[in-house]
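# Observations on the model geometry
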Amino acid sequence: MEGNGDLAHLFSSNVVPMPIEATTVRANIDALTSKIAQLDKELQRQRAVISAVRKLPLEILGQIFKAVLPECLDKAARSQLVDFCLVCKNWRDAARQTPSLWRGIRVEYVDVSYDKIVAWYGRSGTSPRTLEVTPPDIDDDCMELEGCQSPNDELHQLLTSGLIINHFSMACSSGQCFTNFAYGPLQSSSNTSPWNSLKSFNLTLTGRWEDSANHGDDPGESGFMWIPYFITSLQINLPDSSVAFPFYSGVAPPDLPIHLAEAWTLDCLTSFSISCNWGGPHILEIVKHCKNVETLTIDFKNSDLPDSHTAIMKQLSRPGLLLFKLRVLRLRGVQPSTAGKLFRILKSPMLSQLDISFGEMKSWQGKKFGDELGHFFNQSILRGFLSLSLRLHNVSLPADDLVAILSAPPSLTRLTLDEVGLSNPGRKDILSVLREAARHLPHIRVIEVLNASIKSASPSSIPSFLGLRKRPVNGQSALSRLQSFTVTFKNSKDASGQYHNLDEAEVVQELRRSGVLVTVGPIGAI
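Residues numbered from 1 in each chain as written. Predicted model: local features only at pLDDT ≥ 70, side-chain atom pairs only at ≥ 80, totals over all residues. Heavy atoms only, no water.

### A word on unusual backbone geometry
- Unlike most non-glycine residues, Asn302 shows phi in positive territory, near 70 degrees.
- The class for Asn302 is partly exposed, based on a relative accessible area of 36%.
- Positive phi outside glycine occurs at Asn394, with the angle close to 60 degrees.
- Inspection of the secondary structure assignment puts Asn394 in strand E12 (residues 388-397).
- For Asn394, a relative accessible area of 33% puts it in the partly exposed group. (Buried < 20%, exposed > 50% of the residue type's maximum accessible area, 1.4 Å probe, protein only. Helix = DSSP H or I, 4+ residues; strand = E, 2+ residues; numbered from the N terminus.)

This is the structure in structure tokens:
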């Protein structure tokens, strides 16, 4: 190092350096720092050669790409996948050898390109393909066929050329808009079954209810008649009532028929989803035709069902709403009173999964909800059927009502309480309520308390609850079949000091040694 011989006396003493000596030392420090940076860079290059990342199998890299990207790729996500392919040969091979990365495309209506989409799908192999088309901007002239922007030659070619697409999703301003899209080119296609590769179809209507307004009581003129007949899964999203029926139209949603069941058969469906906040009999008039549906999702968007004295409720009250093949029922944006009305008439003896996500409410109005749920299970579930899953989401209710709800299912094996709180906690929290209801849960295998607050699920209550597995209730162990227990918190910082200590709790350690999966921590822990 330059000048080190003249500086030797400084390294072996506490002598203050002269100004010229200090300048030399600073220059030496800069030179050494630069050399260290170069050596560190070279060290990283050397380590990269033997990095474990290079040894990752292509299948693992492909799964990592899948975790990073959405399932259905829009323009930005497709560009990101192409960027992955440009990093190196291994990354390109990993992406090319993961067909499911190329199975889903979301494209704007005006940007649909037959050649580009076919080329992209060419890498998807036998993976089920999804095509989602977002709508064009709608103006006042987009009503009749001459001014409508829906007809699209490139998109029609995709659907009629024989290219296999399993799921197709599109949005239109109205049923008339969908008719304009489907009628001409699909009707005149040389392919006698232009939609026959589709297994799943999602139709979203976004504007005024032109379909019913134009065609009244004639199902034969409904846009729904153009829904593909070969599908087994259908999702219908109707426009918000305030958009579909503006106040100046003078039309009330319950006064107009939807004509879905009359214009198109629902018998072939095994999965059906509807989103509608129009109120009135519409949802029941459609769902009663879903005889073969196994998975049913209803998004009420805070709307209600008719009262018991109305014609549709009287019609369904005696035989009941019979859905014998229904296994999964998901209710979204539902009020307790609305769900109660449905449970009074619904009969589904094969139901194995009930998922209820409540809508917005100022206060819990479900005092009879537990009784109505119990009535539903008593008249529906097959006696001895031991595989029932219940999920409650987005609700705050009294502790006694939660106990009543948990006591209703006859053979509950999986329970999920997601963002569930107590409106009058007092000395109770979710864990103490579960402890009280444990005697009604002899078959429970999985318990999940997710996105809880510290007030609603205190970590300090967990050991006492889990201790029930060792202490009999009414002569038998209440949690003897428990296989998994999970609690996560909204504000994990508030609970971090508490749930870390739970790992050392004797009951937690004992359960883990016996094979029970116990997870307590922040939202990211699962």
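After that view, the rundown keeps rolling.
### Remarks on the packing of aromatic side chains
- The final tally for this structure, using the stated rule, is eleven aromatic pairs.
- Aromatic pair Phe84 and Trp91: ring centres 6.1 Å apart, planes at 80 degrees, arrangement edge-to-face.
- On the accessibility criterion, Trp91 (26% relative accessible area) is partly exposed.
- Ring centres of Phe343 and Phe376 lie 5.0 Å apart, and the angle between their planes is 25 degrees; on these two criteria the pair is classed as stacked. Taken together, the residues Phe343 in helix H14 (residues 336-345) and Phe376 in helix H15 (residues 369-380) connect sequence positions 33 residues apart. Both residues of the pair, Phe343 and Phe376, belong to the buried class.
- Taken together, the ring pairs in this structure connect Phe343, Phe358, Phe369, Phe376 and Phe377 into an aromatic cluster.
- If you follow Arg123 out to its NZ or CZ, it ends over the ring of Trp102, 4.9 Å from the centre. (Phe/Tyr/Trp six-rings, centres within 6.5 Å; stacked < 30°, edge-to-face > 60°. Lys NZ or Arg CZ within 6 Å of the ring centre and 35° of its normal.)

### Side note on the nonpolar core
- By size, the foremost hydrophobic cluster in this structure holds 139 residues, and its most contacted members are Leu131, Phe168 and Phe272.
- With residues up to four places along the chain from it excluded, the contact list for Phe168 reads Leu131, Val133, Leu155, Leu159, Phe181, Trp195, Leu198, Ser200, Phe201 and Asn202. (Core = buried A, V, L, I, M, F, W, Y, C linked by side-chain atoms within 4.5 Å. Contact = heavy atoms within 4.5 Å.)

### Focus: empty space enclosed by the protein
- Evaluated as defined, the whole model comprises two cavities of 30 Å³ or more.
- Its volume calculated, the largest cavity comes out at about 40 Å³.
- Tallied by class, residues from the lining of the largest cavity come to five nonpolar, four polar and one charged. (1 Å grid on protein atoms, 1.4 Å probe; cavity = no way out; pocket = protein on both sides within 12 Å on 5 of 7 lines; lining within 4 Å. Points joined across faces, edges and corners; volume = space filled by probe spheres on them. Nonpolar A, V, L, I, M, F, W, Y, C, P; charged D, E, K, R; others polar.)

### Some points on helix H4 (residues 75-87)
- Between its first and last C-alpha atoms H4 spans 19 Å; for 13 residues at 1.5 Å apiece the expected length is 18 Å, and the two agree.
- Those residues of H4 that sit buried are Ala77, Arg78, Leu81, Phe84 and Cys85. Each buried residue of H4 sits inside an arc of 110 degrees when the element is viewed along its axis, so together they form one side. Counted as exposed and oriented over 90 degrees from the buried face of H4: Lys75, Ala76 and Leu86. (Expected span 1.5 Å × (residues − 1). Arc of directions from axis to C-beta.)

### What to know about the layout of surface pockets
- There is about 400 Å³ of room inside the largest pocket.
- Forming the boundary of the largest pocket are 14 residues, of which Lys75, Arg78, Arg106, Val107 and Asp111 lie nearest the centre.
- The element that contributes the greatest number of residues to the lining of the largest pocket is strand E1 (residues 104-108), accounting for four residues.
- The class makeup of the residues in the lining of the largest pocket is four nonpolar, three polar and seven charged.

### Topic: the environment of Ser363
- In this structure, Ser363 sits in the loop between strand E11 (353-358) and H15.
- Sequence separation of Ser363 and Ser396 is 33 residues, and the distance between their C-alpha atoms is 7.8 Å.

### Quick word on the confidence of the model for the chain
- Confidence in the prediction for the chain averages 83 pLDDT; 83% of positions are at 70 or higher.
- Of all helices and strands in the chain, the one with the weakest mean pLDDT is helix H9 (residues 210-215) (47), whereas strand E7 (residues 295-299) scores best (97).
- Per-residue pLDDT stays below 50 along residues 211-215; that stretch engages in twelve contacts with residues further than four places along the chain or on separate chains. (pLDDT = per-residue confidence, 0-100.)

### What about the pairing of strand E9 (residues 328-334)?
- With five of seven residues buried, E9 lies mostly within the body of the structure.
- Sheet topology places E7 next to E9; five bridges connect them, and they run parallel. From the neighbouring strand, Thr297 faces E9, where its bridge partner is Arg330.
- When E9 meets E11, the two strands line up parallel, connected through six bridges. Each residue of the ladder has a partner; that of Arg332, found in E11, is Ser357. (Pairing = 2+ DSSP bridges.)

### Things to note about the pattern of salt bridges
- The tally for this structure, following the rule as stated, stands at 14 salt bridges.
- Of the charged contacts in the structure, one is a salt bridge between Asp355 and Arg332, with a shortest N-O distance of 3.1 Å. Taken together, the residues Asp355 in strand E11 and Arg332 in strand E9 connect sequence positions 23 residues apart.
- The partner of Arg344 in a salt bridge is Glu372, and the shortest N-O contact between them spans 2.7 Å. Of this pair, Arg344 sits in helix H14 while Glu372 sits in helix H15; the two residues are 28 residues apart in sequence, bridging distant segments of the chain.
- By relative accessible area, Arg344 is classed as partly exposed at 43%.
- Glu372 gets classed as buried once you look at its relative accessible area, which sits at 13%.
- Salt bridges linked by common partners bring Arg332, Asp355, Arg391 and Asp418 together as one network. (Salt bridge = Lys/Arg side-chain N within 4 Å of Asp/Glu carboxyl O.)

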